[in-house]
Amino acid sequence: LKVLDKSYEILFASRDANTGLLPEWTTGTGESATRVTWNKNRDNFTYNAIRVPWRMAMDWVENKDPRAKDIGEKMNHFFASQATFYSGYTFDGKPLANYLDGTFMSGIASGAVVSSDAAFRDRVINQLVAMKPSGYYSSSYRALALLTLADAEGSFPKVAASVGTAPVHAPAPEPTPAPKPIVTP
């Protein structure tokens with residue numbers, strides 16, 4: 001439990017007070033990770049940070065942790081105020097890209113699980129569903145986001161069955177035939 005509490009402490013300390021966005025990298029006290037010199041986006045909300053909304057959604061769906069709702073809801077307010085979504089933002093909410101990919105839409109949509117704004121939730125879920133998945137990471141994150149959304153709505157069993165992931169009884173394996181002897185002349 002101490003690890004979970006410390007993790008939330010870092011998330012609260014590192015998020016932007018206005019946007020709720022989190023940086024790619026942070027220290028254990030929530031400050032900029034200046035030692036991370038290999039990532040020019042260490043202080044921006046990009047591909048590492050976009051996983052946080054999904055994680056908050058999962059903690060909310062599974063455990064109803066109010067800290068997950070608080071962190072997620074702050075980001076949701078920011079995203080709900082955006083007419084267009086982009087794949088990456090500065091810490092204070094300025095777009096870093098001029099496009100939106102499935103990875104970012106998946107993070108935004110899954111984070112909407114904790115949103116009290118039904119219109120926003122519908123908007124981002126519909127946008128995610130309409131997007132054509134591309135690439136391994138984007139497609140995988142999209143699948144996780146959709147399953148999280150289905151689980152939050154209580155429709156996971158129905159969704160799982162419709163995509164063929166319901167338990168299936170496999171036939172008993174055939175016995176392995178004995179090897180044939182090798183005959184040499």
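In this text the structure is predicted, and so the values were computed from the model without any measurement.

### A word on the overall build of the chain
Stage number 1. In terms of helices and strands, the chain carries seven helices and zero strands.
Stage number 2. Expressed as a percentage of its 185 residues, the buried residues of the chain come to 41%.
Stage number 3. Carbon and sulfur atoms make up 60% of the accessible area of the chain, which amounts to about 11,200 Å² in all.

### Considering the packing of aromatic side chains
Stage number 1. Under the criterion given, the structure shown has 10 aromatic pairs.
Stage number 2. Ring centres of Trp25 and Trp38 lie 5.7 Å apart, and the angle between their planes is 80°; this geometry places the pair in the edge-to-face category. Here Trp25 is found in the loop between α1 (2-14) and α2 (51-63), whereas its partner Trp38 is found in the loop between α1 and α2, with 13 residues between them in sequence.
Stage number 3. By relative accessible area, which is 32% here, Trp25 ends up partly exposed.
Stage number 4. The exposure class assigned to Trp38 is exposed, which follows from its relative accessible area of 62%.
Stage number 5. When the ring of Phe79 is compared with that of Phe85, the centres are 6.2 Å apart and the planes differ by 75°; the resulting orientation is edge-to-face.
Stage number 6. Classification of Phe85 as buried rests on a relative accessible area of 3%.
Stage number 7. Taken together, the ring pairs in this structure connect Phe45, Tyr47, Phe78, Phe79, Phe85, Tyr89 and Phe104 into an aromatic cluster.

### With respect to the nonpolar core
Soluble globular proteins tend to bury their nonpolar side chains together.
Stage number 1. With 35 residues, the main nonpolar core has Phe45, Met75, Phe79, Phe85, Met105, Ile108 and Val124 as its most contacted residues.
Stage number 2. Elements that contribute at least two residues to this core include exactly α1, α2, α3 (66-80), α4 (102-111), α5 (118-130) and α6 (136-152).
Stage number 3. With six residues, the top contributor of residues to this core is α2.
Stage number 4. In contact with Ile108, not counting residues within four places along its chain, are Ile50, Asn76, Phe79, Phe85, Phe120 and Val124.

### A closer look at empty space enclosed by the protein
Stage number 1. Per the counting criterion, the structure on display carries one cavity of 30 Å³ or more.
Stage number 2. What the largest cavity holds in volume is close to 30 Å³.
Stage number 3. In this structure, the largest cavity is lined by Pro53, Gly72, Met75, Asn76, Phe79, Ile108 and Gly111.
Stage number 4. Elements with a contribution of two residues or more to the lining of the largest cavity: α3 and α4.
Stage number 5. Sorting elements by how many residues they give to the lining of the largest cavity places α3 first, with four residues.
Stage number 6. Residue composition of the lining of the largest cavity, grouped by class: four nonpolar, three polar and no charged.

### Description of the confidence of the model for the chain
Stage number 1. Here the chain shows a mean pLDDT of 84. Residues at 70 or above account for 82%.
Stage number 2. For the stretch residues 156-171, pLDDT sits under 50, and the model shows eight contacts to residues farther than four places along the chain or on other chains.

### Brief notes about the packing of α1 against α3
Stage number 1. Running from amino to carboxyl end, α1 crosses α3 at an angle of 20°, the nearest separation of the two axes being 11 Å. Comparing their axes, α3 and α1 come out roughly parallel. As α1 runs across α3, the sense of the crossing is left-handed. Contacts between α1 and α3 involve Leu4, Asp5, Tyr8, Leu11 and Phe12 from the first element and Arg67, Ala68, Asp70 and Ile71 from the second.
Stage number 2. Taken together, the residues of the contact of α1 with α3 sort by class into six nonpolar, no polar and three charged.

What counts and how
- Residues numbered from 1 in each chain as written.
- Predicted model: local features only at pLDDT ≥ 70, side-chain atom pairs only at ≥ 80, totals over all residues.
- Heavy atoms only, no water.
- Helix = DSSP H or I, 4+ residues; strand = E, 2+ residues; numbered from the N terminus.
- Buried < 20%, exposed > 50% of the residue type's maximum accessible area, 1.4 Å probe, protein only.
- Areas by Shrake-Rupley, 256 points an atom, 1.4 Å probe, with all protein chains shown as cover.
- Phe/Tyr/Trp six-rings, centres within 6.5 Å; stacked < 30°, edge-to-face > 60°.
- Core = buried A, V, L, I, M, F, W, Y, C linked by side-chain atoms within 4.5 Å.
- Contact = heavy atoms within 4.5 Å.
- 1 Å grid on protein atoms, 1.4 Å probe; cavity = no way out; pocket = protein on both sides within 12 Å on 5 of 7 lines; lining within 4 Å.
- Points joined across faces, edges and corners; volume = space filled by probe spheres on them.
- Nonpolar A, V, L, I, M, F, W, Y, C, P; charged D, E, K, R; others polar.
- pLDDT = per-residue confidence, 0-100.
- Axes fitted to C-alpha atoms, helices over the stretch in contact; angles between N-to-C directions.
- Parallel < 35°, antiparallel > 145°, perpendicular 65-115°, else oblique.
- Left-handed = near helix turned anticlockwise from the far one by under 90°.

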